Amino acid sequence: AAMSSKKFSLQVKERILALQFYTVDPLFAQLFSQCFVKIIMSGRAVLTKHDVISYLKDSIENGDLELDWSDETIQTASRKFLTILKKLSYLEGKSKKRVKEIYNGSDFLIFYHYWLRALGDTSNVFESDLFDLLLITQEKYVFLMKQTEIRDSLDWQYTGNRFTVEPKLPLNEYVNEL
């Protein structure tokens, strides 16, 4: 329903696709959180194929990834991962991919919380594996959640290190609105 909704912009639909990839593909989730997010949060604005290849090789060597891949397969996987990030508008550029500004508007954040609810992951947003997809600090997240449109759609409570959210509509009513 969300992907065919006229209510959502292309930016929101790209972010929804990222949620879907992250939820159903463990390798994408690990590459996103452990490689892409760590590089961005370290202050770098560029991600290369070599960064992803190094991460994959180190993770296979350390046993974090139980894969028996050839160098060619590792290179192909790193290229595909970067292509997906580019198509989802996280990156731009040819060989050196620059990080684009990430859209976290109220329409996406509302959808994000309904997604968390559908997964039963609402006890503390900051501890959710999906929080990495937002690519923002906890402080920025709290700031964004204070928007009127979000407060009208979600009940939330913040206690310093714990942020809980409860969507106001039942899930099936929200889906029907899309």
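Computed from a prediction, not measured in an experiment: that's the story for all the values here.

1. Description of the packing of aromatic side chains
Move 1: In this structure the tally under the stated criterion is 20 aromatic pairs.
Move 2: On the numbers, 6.4 Å between centres and 50° between planes, the contact of Phe111 with Tyr174 is tilted. Taken as a pair, Phe111 in helix H5 (residues 106-119) and Tyr174 in helix H8 (residues 171-177) lie far apart in primary sequence, 63 residues in all.
Move 3: Under the relative-accessibility criterion, Tyr174 is labelled buried at 6%.
Move 4: Taken together, the aromatic side chains of Phe21, Tyr22, Phe28, Phe32, Phe36, Phe81 and Tyr90 make up a single cluster linked through ring pairs.
Move 5: If you follow Arg15 out to its NZ or CZ, it ends over the ring of Phe108, 4.6 Å from the centre.

2. What about the side chain of Arg15?
Move 1: Looking at the element boundaries, Arg15 is found in helix H1 (residues 10-24).
Move 2: Setting aside chain neighbours within four positions, we find Arg15 in contact with Tyr90, Ile102, Tyr103, Asn104, Phe108, Leu133 and Leu134.

3. Here's the deal with the pairing of strand S4 (residues 154-158)
Move 1: As paired elements, S4 and strand S5 (residues 163-167) share 5 bridges and run antiparallel to each other. Residue pairing for S5: Gln157 is matched across the bridge by Thr164.
Move 2: Adjacent in sequence and paired antiparallel, S4 and S5 are bridged by 4 residues, among which Gly160 carries a positive phi angle near 100°.

4. What to know about the sheet that holds strand S2 (residues 91-92)
To summarise the sheet geometry, strands pair through backbone hydrogen bonds and adopt either a parallel or an antiparallel arrangement.
Move 1: Strand order in the open sheet made by the 3 strands is S1-S3-S2, with antiparallel pairing throughout. For this open sheet the edge positions go to strand S1 (46-47) and S2, each flanked by a neighbour on one side alone.
Move 2: Sheet topology places S1 next to strand S3 (residues 97-99); 2 bridges connect them, and they run antiparallel. Residue Val46 lies in a different strand from S3, and its bridge partner there is Arg98.

Cut-off values and rules
Residues numbered from 1 in each chain as written. Predicted model: local features only at pLDDT ≥ 70, side-chain atom pairs only at ≥ 80, totals over all residues. Heavy atoms only, no water. Phe/Tyr/Trp six-rings, centres within 6.5 Å; stacked < 30°, edge-to-face > 60°. Helix = DSSP H or I, 4+ residues; strand = E, 2+ residues; numbered from the N terminus. Buried < 20%, exposed > 50% of the residue type's maximum accessible area, 1.4 Å probe, protein only. Lys NZ or Arg CZ within 6 Å of the ring centre and 35° of its normal. Contact = heavy atoms within 4.5 Å. Pairing = 2+ DSSP bridges.

Bear in mind that shape data such as this cannot, by itself, settle questions of function.
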